Amino acid sequence: TRDGRDSTKVPTSGLFLYTGNACPWCHRVSFAVKLLGLDSRVRCVQLEDDAERATRGGWIIAGRDKKRDPCFLASDLREVYERSSPGGYVGRCTAPVLVDGNAKRILSNNSTNILRCLNHLAAGASREDWGAVNLWPAQLEDEIEEMNGYLYSNLNNAVYQAGFSTTQDAHDAAASKVFDCLDRLEAVLGEREFLMGDKITASDLLLLPTLCRFDAAYAVLFKCSRRRVTDYPQLTSWMQRMFELEGSHETFDLEAAKQSYYKQLFPLNPSGIVPYGPTLSDLGVDNGLDRKVVRRGSPEFLSRVHLAP
């Protein structure tokens with residue numbers, strides 16, 4: 001289904017995932033592909049946000065190069081939606097999008113449900129030597145869903161509510177939720193390595209994209225400036241641990257994301273001037289060539305993840 005609620009019906013081959021670097025909802029699923037080791041099963045098609053060249057929705061295939069979309073040979077995301085909808089498509093053309101390339105149909109355009117689809121796919125692609133990562137262990141299912149809902153309402157979506165508010169009261173209400181949430185997460189991570197304990201779950205993947213954009217975009221452009229993430233030592237340490245995981249740096253370019261936020265959101269930044277910094281290094285994330293990398297399947301990696309039964 002388009003919302004992806006039935007993740008058990010995901011085909012095991014011919015999958016295409018359309019994502020854009022700037023988008024936090026895309027970031028969570030592109031990172032999941034790496035974390036779950038699905039590179040050979042899911043082909044990622046890179047999007048760029050360019051409202052002037054996109055026919056609808058703002059997303060174009062990177063460089064408008066149709067060869068970069070082997071599924072539909074589309075030039076923008078609108079074409080993907082239309083070619084996967086035999087009767088035509090009317091509605092918003094949002095990313096991320098998971099597509100069944102064999103049937104030429106959209107499986108889901110809901111990022112959390114795409115995560116579930118990928119998690120199910122990973123369980124069926126278990127490695128003989130160490131198994132498969134499980135982002136939704138059964139014993140934590142209810143707690144994970146509660147945390148995911150809390151993150152969406154009080155952080156992931158709340159920063160956008162603050163940024164696009166048209167009244168002071170609305171902005172203050174949204175920003176207050178954001179910082180109450182960050183304060184709570186700081187306390188939680190003072191007692192455990194990850195949000196649900198000593199191992200990574202889906203909740204951690206929902207938090208990371210917002211945190212690593214916060215100081216560079218949301219604190220400035222969206223005026224959530226009471227504190228920075230770097231002012232929270234536990235959140236900073238957690239972010240460092242997440243960026244140690246293999247594939248984490250491949251799925252996010254902070255400088256390119258800044259260019260997008262400050263140049264594409266014209267009403268919020270008419271000048272188009274992009275702030276000088278911060279970099280990932282400024283955020284406390286080791287970005288050097290000799291940085292620590294926790295590789296999939298290594299003993300340290302296995303100590304940080306839940307494995308599928």
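Please refer to the structure higher up on the page.
Bear in mind that the values here come from a model prediction, so they are computed numbers and not experimental data.

**Here we look at the overall build of the protein chain**
Scanning the protein chain from terminus to terminus reveals ten helices and five strands. Oriented by its inertia axes, the alpha-carbon framework of the protein chain measures out at about 50 × 50 × 40 Å. Out of the 309 residues belonging to the protein chain, those deemed buried represent 53%. Of all intrachain contacts in the protein chain linking residues separated by at least 6 positions in sequence, the fraction that spans at least 24 positions is 69%. In the protein chain, 37 side chains carry a positive charge and 40 a negative one; their mean positions are 6 Å apart.

**Description of the packing of aromatic side chains**
Applying the stated criterion across every chain, the model contains twelve aromatic pairs. Residues tryptophan 25 and tyrosine 152 carry aromatic rings whose centres are separated by 6.1 Å and whose planes lie at 50° to one another, so their mutual orientation is tilted. You can see tryptophan 25 sitting in helix α1 (residues 24-35) and its partner tyrosine 152 sitting in helix α4 (residues 141-156), a full 127 residues away along the chain. Note on phenylalanine 214 and tyrosine 218: the rings are 6.2 Å apart at their centroids and 80° apart in plane angle, and the pair reads as edge-to-face.

**Some details on the environment of arginine 41**
Its place among the elements puts arginine 41 in the loop between α1 and β2 (42-49). Distance in space between the C-alpha atoms of arginine 41 and alanine 125 is 9.1 Å, their sequence separation being 84 residues. Setting aside residues no more than four positions away along its own chain, arginine 41 makes contact with Thr12, Leu15, Leu121 and Ala125.

**Structural notes on unusual backbone geometry**
Cis peptide bonds are those with omega within 30 degrees of zero, and the linkage from alanine 95 to proline 96 qualifies with 5°. With respect to the helices, strands and loops of the structure, proline 96 is situated in the loop between α2 (77-83) and β4 (97-100). For the bond from glycine 277 to proline 278, the omega torsion is 0°, close enough to zero to count as cis. Its place among the elements puts proline 278 in the loop between α9 (254-264) and α10 (299-304). Backbone geometry places lysine 223, a non-glycine residue, at a positive phi of 65°.

**Structural notes on the pattern of salt bridges**
The tally for this structure, following the rule as stated, stands at 16 salt bridges. Across the pair aspartate 39 and arginine 296 runs a salt bridge whose closest N-O atoms are separated by 3.8 Å. Of the two residues, aspartate 39 sits in the loop between α1 and β2 while arginine 296 sits in the loop between α9 and α10, which places them 257 residues apart along the sequence.

**Some words on the environment of valine 285**
Within the secondary structure, valine 285 sits in the loop between α9 and α10. We classify valine 285 as buried; its relative accessible area is 3%. Discounting residues that sit within four places of it in the chain, valine 285 has contacts with Met239, Phe243, His249 and Leu280.

Rules used throughout
- Residues numbered from 1 in each chain as written.
- Predicted model: local features only at pLDDT ≥ 70, side-chain atom pairs only at ≥ 80, totals over all residues.
- Heavy atoms only, no water.
- Helix = DSSP H or I, 4+ residues; strand = E, 2+ residues; numbered from the N terminus.
- Buried < 20%, exposed > 50% of the residue type's maximum accessible area, 1.4 Å probe, protein only.
- Contact = heavy atoms within 4.5 Å.
- Lys, Arg positive; Asp, Glu negative; His and termini not counted.
- Charge placed at Lys NZ, Arg CZ, Asp CG, Glu CD.
- Phe/Tyr/Trp six-rings, centres within 6.5 Å; stacked < 30°, edge-to-face > 60°.
- Salt bridge = Lys/Arg side-chain N within 4 Å of Asp/Glu carboxyl O.

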